[in-house]
Amino acid sequence: MRVKAVILFIILISICMITKAQNIERKNVDPKYKWNLSELYASESDWLKAKDNIQKNIDKVVQYKGKLGQSSESFLNGTKNYFDLMKELNRLSDYASRISDEDLNNSHNQSLVQQATALTTEISEKTAFISPEILKIDQKRLDKFFSEKKELADYKMFVKDIVRQKAHTLSEPEEQILASFGLSGDTYTNVYSIFTNAEMPFAKVVTSDGKEVELTSSAYTKYRTLQNRSDREKVFSSFFNNFKNFQNTLGANLAGKVKTDYVYAKDRKYNTTLEYSLSGPNIPVSVYENLIKQIHNSLPTLRRFLALKKRMLNVDTLHYYDLYAPIVKETSMHFSIEDGQKVILDALKPLGPEYNATLQKAFGSRWIDMMPTVGKRSGAYSTGASYDVHPYILMNWNDDYESVSTLAHELGHTMHSYFSNKNQPFANSNYATFVAEIASTLNENLLNNYMVQNAKSDEEKLSLLGSYLELLRTTIFRQTLFAEFELEIHKLVEAGKPVTGEVMNDIYYNLVKTYYGNDKDGCIVDPYIAYEWEYIPHFIDYTYYVFQYSTSLIYSTAIAEKIINEGKPAVDKYYNILKGGSSDYPIELIKKAGIDPLSAEPFNLAMNKMNKVMDQIEQILNKK
Ligand SMILES: [Zn+2]
């Protein structure tokens, strides 16, 4: 469970990360900038001893196979031994992965990861009996167990969650057949990735300076931001018209994936893939529908953004190919690690003294591996896998503002893990992805607020406001548009209607036109934008996942607004998420934090914030 969550955070982060130059030798780095893994295990021989111990303790769980339902005594012992084993396994894997990330070229450390992975596989196979066995115990008997053994309270949520999905759990042979299709499960992703990265011929353009550019995916992201407008137009039209040639292939591949999703959902007795996808974290389908509805209601704010962009770019009519053109001059701000830490401590003061004291502990007690060193994993992440120790953060500090905001983001995850581990039993300490990115983006919000308030010049302020505005546009509106596209194509498949590349073009193009207006006041959406869906790997790689980028940022922006306006009462409520782990379902935790995902309130608060940012930008522009 936990391992999965950690991987997801890395995926979320990798989207906004830039790989930094890594040329510092690790041995030359001051120890205070390196994480201290000896808190996990003093030495490798200790790690090996712990591994042997875990290996031996597997039997302590397996001996209860077939016996969980016998008595409250064996139910408690079996469950407790299982969680004790998982807690130690997490710590073991944590050490192996952290030390191997220090230098990916170190094959000895890689072998620790392989050993930990092999042990994880063995344990998950040998303990796979637990859920099915719990499902066989009837509710009355379970209730009796819980009243007989007070210690079972720690596992209440775990058991409740298994029982909740009873109606969607199949017989053992049926489950085995479904699981066997896992062998071909990555076909659509592989086809997409091999085709679009390697076999598909790339478009080429000659830019105004006479340079010929081959438009790979990464070249497109670079060249779509060019200052020269006709270059931008050329880049967009060549890049997407190239995709037109492959709409049938990529359309058939995506349709195949959507159909496969639906087969799994139906086999598990769900009505739709959306229901199935949201069932894991127990998120009501209405949360997804409300997101789309509220964002449609919020389109006037997107239109205001487009009008502002038009003004700042000084063009008659805004086109879709203008969206990535920089509107503000980036001011280069320089931050040493100490400067960055100080800014973060000041910016996150609204979260209270305990939060601040823990941040200082993270900075002062080597929870963070700061420097980009030779062979180190790129990007940034936080992991709270070691329940009894503390979370760790991997950074690649680059002395810029991006480094400061990345660290603030990762510290959000770290504090979430720290407080959940401290306040919840191990079985409830691991939080869902749906709430994870609230804690991280809330910190980004508070940081941005602080930086704008303390900006040294109008240029600096404009640069901060401009990039924050882009974040809101791309995360809230663009990701919701993606979420809506996903829903539309799934609905067609579920209604038994044909879904081809051409059908997807129509759906996508209409959505973009709805969002961006396609008129002189909004933004002209040129016809080749119909093929943009072919370029988005998420549609193939995930199912109903991207909407969480939008919801997290909307909820965190709303909570940040409340914290800024109301102070302590709002902070106290927010701690229900930070300390909550998985003690309740994500939606309930968010409600306890003071906002209702099914209402209009978080959306209104987020839009108020976006409008305030535009007010501030306009004030500066009007001065000039
Ligand atoms: Zn994150």
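Residues numbered from 1 in each chain as written. Predicted model: local features only at pLDDT ≥ 70, side-chain atom pairs only at ≥ 80, totals over all residues. Heavy atoms only, no water.

*Asks:* Help me get a handle on the overall build of the protein chain, residues and values and all.
*Replies:* Looking only at helices and strands, one finds 26 helices and five strands in the protein chain. In terms of C-alpha radius of gyration, the protein chain reaches 25 Å, essentially the compact-globule figure of 25 Å for 624 residues. For the C-alpha atoms alone, the extent of the protein chain along its principal axes is close to 75 × 60 × 50 Å. Relative to its 624 residues, the protein chain shows a buried fraction of 55%. A fraction of 76% describes how many contacts in the protein chain between residues 6 or more apart in sequence connect residues 24 or more apart. (Helix = DSSP H or I, 4+ residues; strand = E, 2+ residues; numbered from the N terminus. Rg over C-alpha atoms; globule rule 2.2 N^0.38 Å. Buried < 20%, exposed > 50% of the residue type's maximum accessible area, 1.4 Å probe, protein only. Contact = heavy atoms within 4.5 Å.)

*Asks:* Could you give an account of the domain arrangement of the protein chain, naming the residues involved and the relevant values?
*Replies:* Segmenting the protein chain into domains produces domain 1 (35-169), domain 2 (201-245) and domain 3 (247-330 + 461-541). The C-alpha-based centres of domain 2 and domain 3 are spaced at 22 Å. Each side of the interface is counted separately: domain 2 has 17 residues, and domain 3 has 18 residues. Area buried by domain 2 at its contact with domain 3 is led by Arg 229, Phe 240 and Phe 243, which between them contribute 36% of it. Taking the shortest distance from any N to any O, the salt bridge between Asp 322 and Arg 232 comes out at 2.6 Å. The interface formed by domain 2 and domain 3 holds six residue pairs in polar contact (both at pLDDT 80 or more) in total. For the side of domain 2 that touches domain 3, the elements supplying multiple residues, two or more each, are helix H10 (217-223) and helix H11 (229-244). The biggest single contributor to the side of domain 2 that touches domain 3 is H11, with 10 residues. For the side of domain 2 that touches domain 3, the residue count by class is five nonpolar, seven polar and five charged. (Domains from an automatic or database assignment. Buried area = accessible area lost by both parts, 1.4 Å probe. Salt bridge = Lys/Arg side-chain N within 4 Å of Asp/Glu carboxyl O. Polar contact = N/O pair within 3.5 Å; in protein donor to acceptor, adjacent residues only side chain to side chain. Nonpolar A, V, L, I, M, F, W, Y, C, P; charged D, E, K, R; others polar.)

*Asks:* Account for the coordination of the zinc ion, with residues named and values stated.
*Replies:* For the zinc ion, the full set of protein donor atoms is His 409 (NE2), His 413 (NE2), Glu 437 (OE) and Glu 437 (OE), and the range of their distances to it is 2.1 to 2.5 Å. For the zinc ion, the four donor atoms are set out with angles of 53 to 142° between them, so the coordination reads as irregular. Every donor residue of the zinc ion comes from the same chain, spaced as H-x3-H-x23-E. You can see His 409 and its partner His 413 sitting in helix H18 (residues 401-423), four residues apart, about one turn around the helix. The same class applies to His 409 and to His 413, which are both buried. (Donors = N, O, S within 2.8 Å, 3.2 Å for Na, K, Ca; no water. Tetrahedral: all angles 85-135°; square planar, octahedral: opposite > 155°, others 65-115°.)

*Asks:* Hey, could you go over the nonpolar core for me, with residue numbers and the actual values?
*Replies:* One finds Leu 407, Leu 411, Phe 485 and Tyr 516 to be the most contacted residues of the largest nonpolar core, which totals 157 residues. Element by element, the count of residues in this core is highest for helix H20 (residues 458-494), at 16 residues. Residues from two domains meet in this core; each of domain 2 (201-245) and domain 3 (247-330 + 461-541) gives at least three. Contact partners of Leu 411, with chain neighbours within four places excluded, come to Ile 344, Tyr 355, Leu 359, Ala 362, Phe 363, Ile 368, Ile 393 and Asn 443. With 45 residues, the next largest nonpolar core counts Leu 85, Ile 99, Leu 119 and Phe 145 among its residues. (Core = buried A, V, L, I, M, F, W, Y, C linked by side-chain atoms within 4.5 Å.)

*Asks:* Before we move on, could you go through helix H9 (residues 187-199) and cite the residues and values that matter?
*Replies:* Those residues of H9 that fall on the buried side of the exposure criterion are Tyr 192, Phe 195 and Thr 196. Down the axis of H9, the sector holding all buried residues measures 85°, keeping them to one side. What points out from H9, more than 90 degrees from its buried face, is the exposed set Asn 197, Ala 198 and Glu 199. Those residues of H9 that are buried lie in contact with H11, helix H12 (247-267) and helix H22 (538-541). (Arc of directions from axis to C-beta.)

*Asks:* A description of the packing of helix H19 (residues 433-453) against helix H24 (residues 568-578) should follow, citing residues and the corresponding values.
*Replies:* Axis separation between H19 and H24 bottoms out at 10 Å; the angle between their running directions is 135°. The angle between the axes of H19 and H24 places the two elements in the oblique class. Residue-level contacts link Val 435, Ile 438, Ala 439 and Leu 442 of H19 to Tyr 574, Ile 577 and Leu 578 of H24. Residue classes in the contact of H19 with H24 are distributed as seven nonpolar, no polar and no charged. (Axes fitted to C-alpha atoms, helices over the stretch in contact; angles between N-to-C directions. Parallel < 35°, antiparallel > 145°, perpendicular 65-115°, else oblique.)

*Asks:* Requested: an account of unusual backbone geometry, with residues and values cited.
*Replies:* Even without being glycine, Asn 282 reaches a positive phi, approximately 60°. Position of Asn 282 among the secondary structure elements: in the loop between helix H13 (273-279) and helix H14 (285-297). Asn 282 gets classed as partly exposed once you look at its relative accessible area, which sits at 28%. A positive phi angle is found at Arg 366, which is not glycine, with a value near 60°. With respect to the helices, strands and loops of the structure, Arg 366 is situated in the loop between helix H17 (353-364) and strand E3 (368-369).

*Asks:* So what about the side chain of Ser 403? Which residues, and what values?
*Replies:* Here Ser 403 lies in helix H18. In terms of polar contacts, Ser 403 uses its side chain to reach the backbone amide nitrogen of Asn 398, at 2.9 Å. Among the polar contacts listed, one links the side chain of Ser 403 to the side chain of Asp 400, at a separation of 2.6 Å.

*Asks:* Any chance you could break down the packing of aromatic side chains for me, citing the residues and the numbers?
*Replies:* A complete count under the given rule lists 38 aromatic pairs for this structure. Centroid distance Phe 195 to Phe 246: 5.4 Å. Interplanar angle 75°. Geometry classified as edge-to-face. Linking Phe 195 in helix H9 with Phe 246 in the loop between H11 and H12, this pair joins segments that are 51 residues apart in sequence. The exposure class of Phe 195 is buried, given its relative accessible area of 17%. Since its relative accessible area comes to 15%, Phe 246 is described here as buried. Grouped by ring-pair contacts, the aromatic residues Tyr 220, Phe 236, Phe 239, Phe 240, Phe 243, Tyr 320, Tyr 516 and Tyr 535 constitute a single cluster. The ring of Tyr 41 is capped by Arg 91, whose NZ or CZ atom sits 5.7 Å from the centre of that ring. For Arg 224, the ring lying beneath its charged end belongs to Tyr 324, and the centroid distance is 3.7 Å. (Phe/Tyr/Trp six-rings, centres within 6.5 Å; stacked < 30°, edge-to-face > 60°. Lys NZ or Arg CZ within 6 Å of the ring centre and 35° of its normal.)

*Asks:* Tell me about the packing of helix H23 (residues 547-566) against H24, and please be specific about residues and values.
*Replies:* Look at H23 against H24: their axes get within 7 Å of each other, and the N-to-C directions meet at 145°. Between H23, through Ile 559, Lys 562, Ile 563 and Glu 566, and H24, the contact on the second element is made entirely by Lys 568, Pro 569, Ala 570, Val 571, Tyr 574 and Ile 577.

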